[in-house]
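Per-entry structural report
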Amino acid sequence: MTSHNESSHTDSGHTDSSRNEFWERVNAALDARRDPLEDARVQQLLEREPDLLDELAALQLTLSATRDVTHSASLAHAPARRRTSAFVGWAALAAGFAAIVVAARWNAPEPRDANATHPAPLALAPLFAPIPPGVLLELRATFTRTSPSGVRIEHVDLVESRSSVERRELGPQGQATLFAFAHHQPRVRQP
Amino acid sequence: MIFPTALVLLVTAHFGPLNTSVEHAHTTLDVQANVKLVIYDVADLLTRPHVDFEGPKLGEQPHPAPTSGPAQPQPPSSESDPSGAVSDGGRATSNAKLLEALVSKYITPKLERPAETVAATHHGSLFANLRPEQHEWLRKFLDEQRQFGGLIEVEARAFRVERGTLQKLGVDSSSMLTGEMERGVFLDRVAKLRPAAEEINSPRLIMFPNQRAHIAVTTQISYVKDYSIEVVEPGQKQVVVPKIGVIREGLLVHVRPTPMPGDVVALEFTCETADVLRPISTQSVRLEAGSEREVEIALPEVDIAKLTSTVLIRAGTSVVVSLPTGPGERELVVLIKASRTTSAATSPEGK
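Reference entry: report on the structure contained in this document. None of these values were measured; they are calculated from a predicted model.

Attention now goes to the overall build of chain A. A count of helical and extended segments in chain A gives four helices and four strands. N-terminal to C-terminal, the α/β element order of chain A is α-α-α-α-β-β-β-β. Burial analysis of chain A (191 residues in total) assigns 29% to the buried set. Partitioning the contacts of chain A with sequence separation of at least 6, the portion at a separation of at least 24 is 37%. Carbon and sulfur atoms make up 57% of the accessible area of chain A, which amounts to about 12,500 Å² in all.

Structure below.
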C-alpha cells in the first residue's frame, strides 16, 4: 500500500514536471518563431502525455486566430514595429488565456459518474476553423419528406446563401392537387 | 420656356444611349481582346479507363424492388457494345464530358462571361476560349492530370450524434482539420461524447483520379402499399393480392476526388441519409367500391437529407460536415479525409 502511494506520488510528480517541461519548451519554440512540434523533446513528451496534444492544438488555433486578427490590423497601414509589438501582445494574451484554461482544467474535479457529459475544453467557441470560403466551392443541403399525401422539398444553398421550399400534394388517387414554390434569401442556417 | 426644355430632353435622350452603346462596344472589344482560343490536345486523357460506381437510390424503390446485392459499376456512357464492355468511342465521349465539366467547375478565375467557353470533343481536342490567366491554370491542370500516376485515398467516418453536440466538439456546421493533430483531437472528442456518438461506418476508398465511388450502409423495409383483386381459375375466384413497396433507408456517401496543381485535391462529395419515420402509420381502406371488406395499408413517411459539397483541400487535410437528419434530435457528422497515394503503396486488400 505504501509502495503504491509512493508510486502514484512519484507518477504525479513526474507528470507535473513533464508538463512544466513541455510548456517551457513550447513557449521557447514559439518565442523563437519555430513550430513546437519540430522539437524532438516536445514530441517525446507528447508521446508520454497524449492529453497535451489537445491543449497544444487549442493554443495553436488561438494563436493562429490572433495572427489573422493582427494581419487584418496590418492592412490599416500600421508601422511594422507596431505590428510586431501588437502580435507579441496578442500572442502573450492568448497564451495567458490558454494557460488559464489549462489550469482550470487541471483544477476541475473529475466527473463522479462515468456516463456524465464530458466537458470539452474551450467548448464556448468553435475550436476548429470553418472551411474557408475560398476552398469551399459548393455546399448545398436538400431535405425531402415523402409521404402518401405528397412531397416537401427544401433546398438550402449555404455558399450562395439562398433557399427554397417546394411542395407537391397528391390526391387520393395519386393525382397532383397542389404545387407550391417559395424562395428565401438569405437564410439563418449558414455555415 | 417649353422649347429649351424639350431641346435639353431631346439632347439627353440622344446622347445618353449613344454613350452607353460606345461603352458597351469598348467592353465587348476588351473581352474579345482578352479572350483567346487555344485548342489543347487531350486525346491521351480521353483514352484512360474510367468507371464510375454509382450507389443505390435511397427512399422509395421503383417497382419491382431491386435485389439487395452489391451495386454494379455503371458504365458512364450508353455507347456500350452488346457484351457490356464500353467501346473506345463511348469511353472517349464520356471522358470528354467529364473533362469539360471538371475544367468548367474548377477553373480559376471562374468562367464569368459568355465569351469564355470550354468544350471537349471525343476526338481529343479541348477548345478553350479563355483569358490568359485561365489558360495558365488550364495548362497546369492538364499537366497535373497527365503526371498524376497514383491513386487517391479517401477515408470517410460517419457519426450520428445528439443535435447541438457539434459545439461541444469545437466545430461549427462545417470545419477543416488541417493535419493529423487536429484530426486526432476531433476524434478524441467524439470518443468522449456523452451520450456516446454512434459510429455508422468508417471505410476507406482507394480510387483512380476523377473516379466516382460510393459507400452505402443501407437496409430495406417492405410494406403493403395497396391491394388489388385478381380473378384466378378455376372457378373465377377473386383473390386479394397485396402490392409490396420497398423503401431503402440508411447512409450513402458519394465521392469524386480530382488531383489539382500544388498537392491539392478537389473533393466532390455527397452525403445522403434516409430514415423512415416510426411508428409507420396505417389506414384501413375498402377493397373496392360497394364492398364491405376492409384491408389495412401502410402509409410510411420518409425523411431524406442530402448534403452536396465541393472543397479544395491539401492532401492529408480532413473536412467535417454535418446535417440534421431523420426523426428526433439527431445529427449526422461526416469526417472526410483525402490523401494521395502511389500505386505501389496500395495493398490489394485496401482496394
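Back to the write-up after that little detour.
Any two side chains of opposite charge can pair, given that their charged atoms come close. Counted according to the given criterion, the structure contains 27 salt bridges over all chains. Of the charged contacts, one joins B:Lys105 and A:Glu138 as a salt bridge, the two residues approaching to 3.4 Å between their closest N and O atoms. With B:Lys105 in helix H3 (residues 88-106) and A:Glu138 in strand S1 (residues 136-147), this residue pair bridges two chains. Of the residues examined, A:Glu138 reaches a relative accessible area of 16% and is grouped as buried. With a closest N to O distance of 3.1 Å, B:Lys192 and B:Asp188 form a salt bridge. Of this pair, B:Lys192 and B:Asp188 both sit in helix H6 (residues 180-192), separated by four residues, roughly a single helical turn. Accessibility expressed as a relative area gives 25% for B:Lys192, which makes it partly exposed.

Now for H3(B). The terminal C-alpha atoms of H3(B), which comprises 19 residues, lie 26 Å apart, in line with the 27 Å expected from a rise of 1.5 Å per residue. Along H3(B), the positions that sit buried rather than exposed are B:Gly90, B:Ala92, B:Thr93, B:Ser94, B:Asn95, B:Ala96, B:Leu98, B:Leu99, B:Leu102, B:Val103 and B:Tyr106.

Residues and elements named next belong to chain B. Alternating residues of strand S6 (residues 174-177) divide into Ser174 and Met176 and Ser175 and Leu177, and every residue in both groups is buried. In the sheet, S6 pairs with strand S15 (residues 318-324) via four bridges, with the strands oriented antiparallel. For Leu177, the partnering residue across the bridge sits in S15 and is Ser318.

To continue, consider the interface of chain A and chain B. At the interface, 38 residues of chain A touch 39 residues of chain B. Surface buried jointly by chain A and chain B totals about 3,400 Å² across both partners, of which 59% is contributed by carbon and sulfur atoms. Area buried by chain A at its contact with chain B is led by A:Phe128, A:Ile131 and A:Leu137, which between them contribute 20% of it. The partner of A:Arg145 in a salt bridge is B:Asp303, and the shortest N-O contact between them spans 2.8 Å. For the pair chain A and chain B, the interface holds 14 residue pairs in polar contact (both at pLDDT 80 or more). Among the elements of the structure, helix H3 (51-74) and S1 of chain A are those that each provide at least two residues to the side of chain A that touches chain B.

Between its terminal C-alpha atoms H6(B) stretches 18 Å, which fits the 18 Å expected from 13 residues at 1.5 Å a residue. Every buried residue of H6(B) is listed here: B:Met181, B:Glu182, B:Arg183, B:Val185, B:Phe186, B:Arg189 and B:Val190.

Our focus in this paragraph is the sheet that holds strand S4 (residues 125-130) of chain B. All names here are of chain B. Here we have three strands laid out as an open sheet, ordered S1-S4-S3, and antiparallel in their pairing. Both edges of this open sheet fall to strand S1 (36-41) and strand S3 (117-120), since each of them pairs with a single strand only. Taken pair by pair, the neighbouring strands of this sheet meet at an average axis angle of 15°, ignoring direction. Looking at chain direction, S3 and S4 are connected through four bridges and run antiparallel. The partner of Ala120 across the bridge, within S4, is Leu126. The strands touched by helix H4 (residues 132-147) within the sheet are S1 and S4, with S4 carrying the most contacts at an inclination of about 150°.

In a soluble, globular protein the nonpolar side chains are often hidden away together inside. Residues B:Leu267, B:Phe269, B:Val311 and B:Val319 are the most contacted members of the largest nonpolar core, which totals 35 residues. Those residues in contact with B:Val319 that sit more than four places away from it in its chain are A:Ile131, B:Ser175, B:Met176, B:Phe269, B:Val311, B:Ile313, B:Val334, B:Leu335 and B:Ile336. Among the nonpolar cores identified, the runner-up in size contains 25 residues, and B:Tyr40, B:Leu99, B:Leu130 and B:Leu138 belong to it.

With that settled, the discussion passes to the packing of aromatic side chains. Here the structure, examined in full by the defined rule, presents three aromatic pairs over all chains. Both rings, one in A:Phe22 and one in A:Trp23, keep their centres 5.1 Å apart while their planes meet at 80°; by these two values the pair is edge-to-face. For the pair A:Phe22 and A:Trp23, one class covers both residues: buried. Look at A:Phe128 and B:Phe186: their rings are 6.0 Å apart centre to centre, the planes differ by 70°, and that puts the pair in the edge-to-face class. Taken together, the residues A:Phe128 in the loop between helix H4 (80-107) and S1 and B:Phe186 in helix H6 connect one chain to another. Relative accessible area serves as the criterion here: at 1%, A:Phe128 is assigned to the buried category.

Here we take up the layout of surface pockets. The method is simple in principle: a probe with the dimensions of a water molecule rolls over the atoms, and the space it marks as empty is what remains. If you add up the space inside the second largest pocket, you get close to 940 Å³. If you trace the second largest pocket, you find 34 residues lining it, with A:Ser147, A:Pro148, A:Leu170, B:Tyr223 and B:Lys225 closest to the centre. Elements that contribute at least two residues to the lining of the second largest pocket include exactly S1 and strand S2 (150-157) of chain A together with strand S2 (59-60), strand S9 (213-232), strand S12 (281-286), strand S13 (294-299) and strand S14 (302-314) of chain B. Within the lining of the second largest pocket, the residues separate by chemical class into 16 nonpolar, eleven polar and seven charged.

Okay, the pairing of S2(A) next. Residues and elements named next belong to chain A. Examined bridge by bridge, S1 and S2 share eight bridges and lie antiparallel to one another. What sits directly across from Arg145, in S2, is Arg152. Hairpin remark: S1 followed by S2, antiparallel, with two residues in the connecting loop. Sheet topology note: the S2/strand S3 (residues 162-170) ladder contains eight bridges and is antiparallel.

Our focus in this paragraph is the side chain of B:His135. Tracing the backbone shows B:His135 in helix H4. Here B:Lys36 takes part through its backbone oxygen, which lies 2.7 Å from a polar atom of the side chain of B:His135.

Cut-offs and rules
- Residues numbered from 1 in each chain as written.
- Chains lettered and ligands numbered in written order.
- Predicted model: local features only at pLDDT ≥ 70, side-chain atom pairs only at ≥ 80, totals over all residues.
- Heavy atoms only, no water.
- Helix = DSSP H or I, 4+ residues; strand = E, 2+ residues; numbered from the N terminus.
- Buried < 20%, exposed > 50% of the residue type's maximum accessible area, 1.4 Å probe, protein only.
- Contact = heavy atoms within 4.5 Å.
- Areas by Shrake-Rupley, 256 points an atom, 1.4 Å probe, with all protein chains shown as cover.
- Salt bridge = Lys/Arg side-chain N within 4 Å of Asp/Glu carboxyl O.
- Expected span 1.5 Å × (residues − 1).
- Pairing = 2+ DSSP bridges.
- Buried area = accessible area lost by both parts, 1.4 Å probe.
- Polar contact = N/O pair within 3.5 Å; in protein donor to acceptor, adjacent residues only side chain to side chain.
- Axes fitted to C-alpha atoms, helices over the stretch in contact; angles between N-to-C directions.
- Core = buried A, V, L, I, M, F, W, Y, C linked by side-chain atoms within 4.5 Å.
- Phe/Tyr/Trp six-rings, centres within 6.5 Å; stacked < 30°, edge-to-face > 60°.
- 1 Å grid on protein atoms, 1.4 Å probe; cavity = no way out; pocket = protein on both sides within 12 Å on 5 of 7 lines; lining within 4 Å.
- Points joined across faces, edges and corners; volume = space filled by probe spheres on them.
- Nonpolar A, V, L, I, M, F, W, Y, C, P; charged D, E, K, R; others polar.

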